[in-house]
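Per-entry structural report
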Amino acid sequence: MINNEITKKKVFVETYGCQMNEYDSELVKAILEKKEYAFVKDEREADVVMLNTCAIRENAHRKIYGRVHQIRHERSGKPVMIGLLGCMATNLRQNLLNDRQLKIDFIAGPDSYKRLPDLISHAQETGEKTFDLTLSEFETYSDIFPKREGMINAWIAVMRGCNNFCTFCVVPYTRGRERSRTVANVVAESQQIANQGAKQITLLGQNVNSYHCDGQDFADLINAVSEIEGIERIRFTSPHPKDFPEKLLKTIAQNKKVCKHIHLPLQAGSNRILDLMNRTYTREEFLDLVNKIRDLISNVALTTDIIIGFPTETDAEFDETVDMMEKVRFDSAFIFKYSEREGTIAQRKYPDDIHDAIKTERIVKLNEIQKGIAHQKNLAHIGETLELLMERDATADDPFSKGRTDSNKLVHVQGSFPVGSFVKATITAASPQNLRGAALNKLLI
Ligand code: SAH
Ligand code: SF4
Ligand code: F3S
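Quick look at the structure, then.

Thresholds, definitions, all that
- Throughout, residues of each chain are indexed from 1 in the direction in which the sequence is written.
- Each chain takes a letter, starting from A, and each ligand takes a number, starting from 1, following the order in which they are written.
- Owing to the predicted nature of the model, reporting of local features is limited to residues with pLDDT of at least 70; listing and counting of side-chain atom pairs is limited to 80 or more, with chain, interface and lining totals taken over all residues.
- Water and hydrogen atoms were dropped before computing side-chain values, which therefore reflect all heavy atoms in the structure.
- Take a side-chain nitrogen of Lys or Arg and a carboxyl oxygen of Asp or Glu: if they are within 4 Å of each other, that pair is a salt bridge.
- In this text, helices come from DSSP runs of H or I with a minimum length of four residues, and strands from runs of E with a minimum of two, each type numbered from the N-terminal end.
- We call a residue buried when its accessible area falls under 20% of the maximum for its residue type, exposed when it is over 50%, and partly exposed in between, using a 1.4 Å probe and counting protein chains only.
- Note on pairing: DSSP must find at least two bridges between two strands before they are called paired.
- Of the grid points, spaced at 1 Å and generated over the protein atoms alone, those admitting a 1.4 Å probe that cannot get out make up cavities, while open sets with protein on both sides within 12 Å along at least five of seven lines make up pockets; any residue with an atom within 4 Å of a point is treated as lining.
- Grid points are joined across faces, edges and corners, and a volume is the space filled by probe spheres set on the points.
- Note that Gly is not counted as nonpolar here; it falls among the polar residues with everything else outside the nonpolar set of Ala, Val, Leu, Ile, Met, Phe, Trp, Tyr, Cys and Pro and the charged set of Asp, Glu, Lys and Arg.
- Source of the domain bounds: an automatic or database domain assignment.
- By definition, residues are in contact when any of their heavy atoms lie within 4.5 Å.
- Counting of polar contacts relies on pairs of N or O atoms within 3.5 Å, with two restrictions inside protein: one atom must be capable of donating a hydrogen and the other of accepting it, and residues adjacent in sequence are counted only when both atoms are side-chain atoms.
- Consider each residue's heavy atoms; a residue with any of them within 4 Å of a molecule or strand counts as near.
- Per-residue accessibility takes into account occlusion by the displayed protein chains alone, with areas from the Shrake-Rupley method and a 1.4 Å probe.

Section: the pattern of salt bridges
Summed over all chains, the structure comprises 31 salt bridges. Across the pair Arg 160 and Asp 24 runs a salt bridge whose closest N-O atoms are separated by 2.6 Å. Separated by 136 residues along the polypeptide, Arg 160 in strand β8 (residues 159–160) and Asp 24 in helix α2 (residues 19–33) bring together distant segments of the chain. Like Arg 160, the residue Asp 24 is buried in the burial classification. Between Arg 148 and Glu 189 there is a salt bridge, and its shortest N-O distance comes to 2.6 Å. Here Arg 148 is found in the loop between β6 (130–132) and β7 (153–157), whereas its partner Glu 189 is found in helix α8 (residues 183–195), with 41 residues between them in sequence. Using a relative accessible area of 11% as the deciding quantity, one classes Arg 148 as buried. Connected through shared salt-bridge partners, Glu 26, Arg 148, Arg 181 and Glu 189 make up one network.

Here's what the structure looks like:
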């Protein structure tokens, strides 16, 4: 009898970028394991190394060039096939194909993973770079469920692509047009995840709340998924401020399983910059939405993304971003320096004219202000008793278990609590980043 495990090619996949890429790497595992491939955890054992790449900001793709050279160097001439997957593949297609210094064997864009077995064997047979960078108008993967490991939270892609064309962003080019899976298909995958023991699911999409399929919208999808027994918490990311009809806000408010946390990317505080970014809302409209959310959903946590130093942003316009942060008081914020991206509208229309020293000054200032706000917001939780879903147990080196509140805050609790259990804890201390709590009872579920 032939031992399949020995004849199988060993594959290692390394993932960069957002949760959609993490999800896609799990899909790639499911696709390749149906063929003659086995996944390994140590890259040095692999016959095939795949880097699932991101292109959102400059440092994301610079890292990949370095990593390919490093892998080749570590192997010092021993054979290994290297493939690039993900957004950088579709973003830099010509450069990657023509760059002779970059020693890669195959390239697959985000919609081409079913072709990976062909691409790998073709590259091996011919010794040439093979590629498939076609983007699809349809959901390509609805008949495959990813191969997931040991999960409390499971990510589920419910829609892909984006039609918004924010002028700074590569995603509409790297991932193509917006398309959604059917509610039935998402429910089937969620049911499978629940059967495997997951407690929480996070619905994923580049613009997740514009989900729509066969007359059903994102609120309908949330309600359908919340019927599944065993799934206790539902999260979603990333939404766009333009897609929050009252029906969706009421669903979030009323459905007990939906976590009371909304990531609401503001990007900038000045109306002129918001317009140049093509964000389609004004600061006034954004503030109205925040007020409406806070009216309807009590104790909701709000987080955001900000870009500073967009082309032509003046000091006064940056101050408007500061002002918005002070008005809204987000629980946390990811703040980025503007980074010009290949193929975007901003690259074509607006020279990247804000000096890096100014970008640094602005990001340092904004981070400092946000840190103060986050600290105050976290301090306000002291004395409250909150329910945590535990995600890391204490160890010999670290006596604190870690769990998350409904509002997505990380709480350190002294003592050992199994991953996946629910624990009630009274908050005793707070830093800008997280909370500390004392457990009341052990297991609730
Ligand atoms: N679909 C998500 C965006 C994902 S990218 C959304 O619309 O919210 C995550 C964040 O990266 C964006 O919200 C933005 O703040 C930042 N980002 C995207 N392109 C960027 C660029 N060219 N330079 C700097 N930051 C960028
Ligand atoms: Fe990019 Fe804008 Fe689409 Fe988000 S909504 S993925 S920032 S184009
Ligand atoms: Fe990066 Fe693509 Fe995600 S550009 S952030 S991996 S959608």
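And the narrative resumes.
Topic: the pairing of strand β21 (residues 435–439)
Relative to β21, strand β19 (residues 410–414) is paired through three bridges, and the arrangement is parallel. Its bridge partner being in β21, Val 413 is matched across the sheet by Gly 437. Taken together, the five bridges between strand β20 (residues 422–430) and β21 define a ladder with antiparallel strand orientation. Bridging across to β21, Ala 425 finds its partner in Ala 439. The hairpin formed by β20 and β21 contains four residues between the paired strands.

Structural notes on the layout of surface pockets
Here the second largest pocket defines a volume of roughly 700 Å³. Lining the second largest pocket we find 27 residues, and of these Lys 260, Asn 299, Leu 386, Asp 406 and Ser 407 sit closest to its centre. Secondary-structure elements contributing two or more residues to the lining of the second largest pocket are α10 (246–254) and β17 (385–392). In terms of residue count, β17 provides more of the lining of the second largest pocket than any other element does, three residues in total. Partitioning the lining of the second largest pocket into residue classes produces eight nonpolar, seven polar and 12 charged. Split by domain, the lining of the second largest pocket shows at least three residues from each of two domains, domain 2 (148–259) and domain 3 (385–439).

Structural notes on the environment of Tyr 16
One can find Tyr 16 in the loop between β1 (9–15) and α2. Given a relative accessible area of 14%, Tyr 16 falls into the buried group. Through-space distance from the C-alpha of Tyr 16 to that of Ala 55 is 9.3 Å; in sequence the pair is 39 residues apart. Residues in contact with Tyr 16, not counting those within four places in the same chain, are Asn 21, Leu 51, Asn 52, Thr 53, Cys 54, Lys 63, Ile 64 and Arg 67. Engagement of the side chain of Tyr 16 in a polar contact is seen with the side chain of Glu 14, the distance being 2.5 Å.

Thoughts on the site of ligand 1
The immediate surroundings of ligand 1 are formed by 15 residues, with Arg 57, Gln 206, Gln 267, Asp 305 and Ser 339 found nearest. Between ligand 1 and Gln 206 there is a distance of 2.5 Å, counted from a nitrogen atom to a backbone nitrogen or oxygen. A distance of 2.8 Å separates a nitrogen atom of ligand 1 from a polar backbone atom of Ser 339. Against a free-state accessible area of 540 Å², the protein chains account for coverage of 88% of ligand 1. Among the secondary structure elements, those contributing two or more residues to the shell around ligand 1 are β15 (301–308) and β16 (332–337). A class-by-class count of the residues in the shell around ligand 1 yields six nonpolar, four polar and five charged.

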